[in-house]
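In case you want the letters, here they are:
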Amino acid sequence: MSKIAFIYPGQGAQKAGMGADFYEKSETAKSIFVEAGRMLGLDMKALCFEENEKLDLTEYTQAALVTTCLAMTRVVKERGLRPDMTAGLSLGEYCTIAAAGGMDDMDAIRLVRKRGILMQNTIPAGEGGMCAVMGLDSVKIEETLAKMQEGRNPGDVTIANYNCPGQIVITGKTAAVKDASVKLKEAGAKRVMMLNVSGPFHSPLLVPAGEELAAELEAVTLHPLQIPYVTNVTAEKIEDIAKTKGLLKEQVSSSVRWMQSMEYMIREGVDTFVEIGPGKTLAGFMKKIERDVKVYNIASWDDVEKTISGLCESQTKD
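Parameters at a glance
Residues numbered from 1 in each chain as written. Predicted model: local features only at pLDDT ≥ 70, side-chain atom pairs only at ≥ 80, totals over all residues. Heavy atoms only, no water. Helix = DSSP H or I, 4+ residues; strand = E, 2+ residues; numbered from the N terminus. Expected span 1.5 Å × (residues − 1). Buried < 20%, exposed > 50% of the residue type's maximum accessible area, 1.4 Å probe, protein only. Pairing = 2+ DSSP bridges. Axes fitted to C-alpha atoms, helices over the stretch in contact; angles between N-to-C directions. Contact = heavy atoms within 4.5 Å. Salt bridge = Lys/Arg side-chain N within 4 Å of Asp/Glu carboxyl O. Arc of directions from axis to C-beta. 1 Å grid on protein atoms, 1.4 Å probe; cavity = no way out; pocket = protein on both sides within 12 Å on 5 of 7 lines; lining within 4 Å. Points joined across faces, edges and corners; volume = space filled by probe spheres on them. Nonpolar A, V, L, I, M, F, W, Y, C, P; charged D, E, K, R; others polar.

J.: I'm lost on helix H4 (residues 58–78) in this one. Help?
T.: Structurally, the α-helix is built with 3.6 residues per turn, so residues lying three or four positions apart point the same way. In a regular helix each residue adds 1.5 Å, so 21 residues correspond to 30 Å; H4 covers 30 Å between its end C-alpha atoms and thus fits that length. Buried residues dominate H4, accounting for 19 of its 21 residues. Where H4 ends, the next residue or the one after it, Gly-80, has phi of about 95 degrees, a positive value.

J.: Would you mind showing me how to read the sheet that holds strand E4 (residues 157–164) here?
T.: Two strands in a sheet stick together by hydrogen bonds in their backbones, pointing the same way (parallel) or opposite ways (antiparallel). One open sheet accounts for 4 strands, arranged E4-E5-E3-E6; its pairing is antiparallel. The open sheet has two edge strands, E4 and strand E6 (191–194), and neither has a second partner. Adjacent strand axes in the sheet meet at a mean angle of 25 degrees when their direction is disregarded. Sheet analysis places strand E3 (residues 128–134) next to strand E5 (residues 167–173), joined by 7 bridges and oriented antiparallel. Paired with Cys-131 across the bridge in E5 is Ile-170. Contacting E4 and E5, helix H12 (residues 281–289) runs over the sheet at an angle of about 85 degrees to E4.

J.: How should the pairing of E3 be read in this particular structure?
T.: It is a general feature of regular strands that their side chains alternate between the two faces of the sheet. Across the 7 residues that make up E3, a large majority, 7, are buried. The alternating pattern of E3 places Gly-128, Met-130, Ala-132 and Met-134 and Gly-129, Cys-131 and Val-133 on opposite faces, both of which are buried. Taken together, the 4 bridges between E3 and E6 define a ladder with antiparallel strand orientation. Each bridged residue has a counterpart across the sheet, and for Val-133 the counterpart in E6 is Val-192.

J.: Sorry if this is basic, but what is going on with the pattern of salt bridges here?
T.: Close approach of charged atoms allows side chains with opposite charge to pair. This structure, assessed with the given rule, holds 9 salt bridges. Between Arg-74 and Asp-105 there is a salt bridge, and its shortest N-O distance comes to 2.9 Å. Placement of Arg-74 in helix H4 and of Asp-105 in helix H6 (residues 105–121) is noted, with a sequence separation of 31 residues between them. According to the relative accessible area criterion, Arg-74 is partly exposed, its value standing at 36%.

J.: Is there a simple way to explain the environment of Ala-98 in this structure?
T.: Note that Ala-98 resides in helix H5 (residues 92–99). Counting along the chain gives 77 residues from Ala-98 to Asp-21, while the straight-line C-alpha distance between them is 22 Å. In this structure Ala-98 touches Leu-70, Met-103, Asp-105 and Ala-108, once residues within four positions along its chain are discounted.

J.: Teacher, can you tell me more about the sheet that holds strand E1 (residues 3–8) here?
T.: What the 6 strands build is an open sheet, ordered E8-E7-E2-E1-E9-E10; its pairing is mixed. Looking along the sheet, the strands with just one partner apiece sit at the ends: strand E8 (237–238) and strand E10 (294–298). Strand direction decides the pairing type here: strand E7 (residues 229–230) and E8, joined by 2 bridges, are antiparallel. For Val-230, the partnering residue across the bridge sits in E8 and is Lys-237. The strands touched by helix H11 (residues 258–267) within the sheet are E1, strand E2 (85–88), E7, E8 and strand E9 (270–276), with E2 carrying the most contacts at an inclination of about 170 degrees.

J.: Please explain helix H8 (residues 174–186) as it appears in this structure.
T.: Over its 13 residues, H8 runs 19 Å from end to end, which matches the ideal 18 Å to within 8%, given 1.5 Å per residue. Along H8, the positions that sit buried rather than exposed are Thr-174, Ala-176, Val-177, Ala-180, Ser-181 and Leu-184. Here the buried residues of H8 occupy an arc of 155 degrees about the axis, which is enough to place them on one side. Counted as exposed and oriented over 90 degrees from the buried face of H8: Ala-175 and Glu-186. Contacts from the buried residues of H8 go to E3, helix H7 (138–148), E4, E5 and E6. Once H8 finishes, Gly-188 follows within two positions and takes phi at roughly 120 degrees, a positive value.

J.: Just checking my understanding: could you explain the layout of surface pockets for this structure?
T.: If you roll a probe as big as a water molecule over the atoms, it shows you where there is empty space left. In this structure, the largest pocket encloses a volume near 690 Å³. Lining the largest pocket we find 32 residues, and of these Gln-11, Gly-12, Leu-195, Val-197 and Phe-201 sit closest to its centre. For the lining of the largest pocket, the elements supplying multiple residues, two or more each, are H4, H6, E3, E4, E5 and H12. For the lining of the largest pocket, the class distribution of residues is 16 nonpolar, 14 polar and 2 charged. Reported here for the second largest pocket is a volume of approximately 220 Å³. Lining the second largest pocket are 13 residues, with Arg-74, Lys-77, Ala-98, Gly-101 and Asp-105 sitting closest to its centre. Take the lining of the second largest pocket: its biggest share by element is 4 residues, from H4.

Right, here's the structure in full:
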């Protein structure tokens, strides 16, 4: 039997105007934006819908993107579309847990607001960075970084994201990341590109941020999961909500195993993925992970009807 997964993008997918049509056309979606703005003391309409510099600052991005994705999810569920499993890339894992029934929407939004502040401020600006590595096997990258670690402090440079075959992101101290980019190019990478980010995300350097986030997590009441979600940390499904707080603490400083997560879900029988949120980043990754699955995108109000119609048509053919 066909299984459907909701998947959620991470930081970088945000764009001005995201969710505006949901706000205008759905009282349910509007209430998410209004309540989130009131809770955080932010003008969420201005942050998400208007061109502004704050939207790309980590401390604001995370709350804005999760608010948007959860507002969209509420609408999608109202239309009767329900997933069998969920997954989210990095930040998107909070949407994942909420969509799976394990966390209230407002708790997810409040936590990522704190998470964004911690991730932005833990390492001084300029001391950490990230680099995308294209066209080099992950094993080769791991071997190259392992050799570099000899004589260095643990965490100087590690893998941040396993996005898809041929696209890996490394993270760590700026000098070490730049040094690694040269060595990876020599090892056969087709392209290396320093990313315009404010810190070394998903690096052991952010362990202190995870520790502080753990204190925030302790104050949150989680609920039994209605469906499983797949965690970035292990790329396996979680069915026991008791594991979630520890995993979210660890997730801040551990590698995002997105490629492995999608491969796991496919082995579990998921053959249809619905990407909820602005952009089509995850759909692009999936083309390189497994072309034979179906992927739908819900980034606009019109996409909701297109997706539901497409799924109904697909199920009829099957």
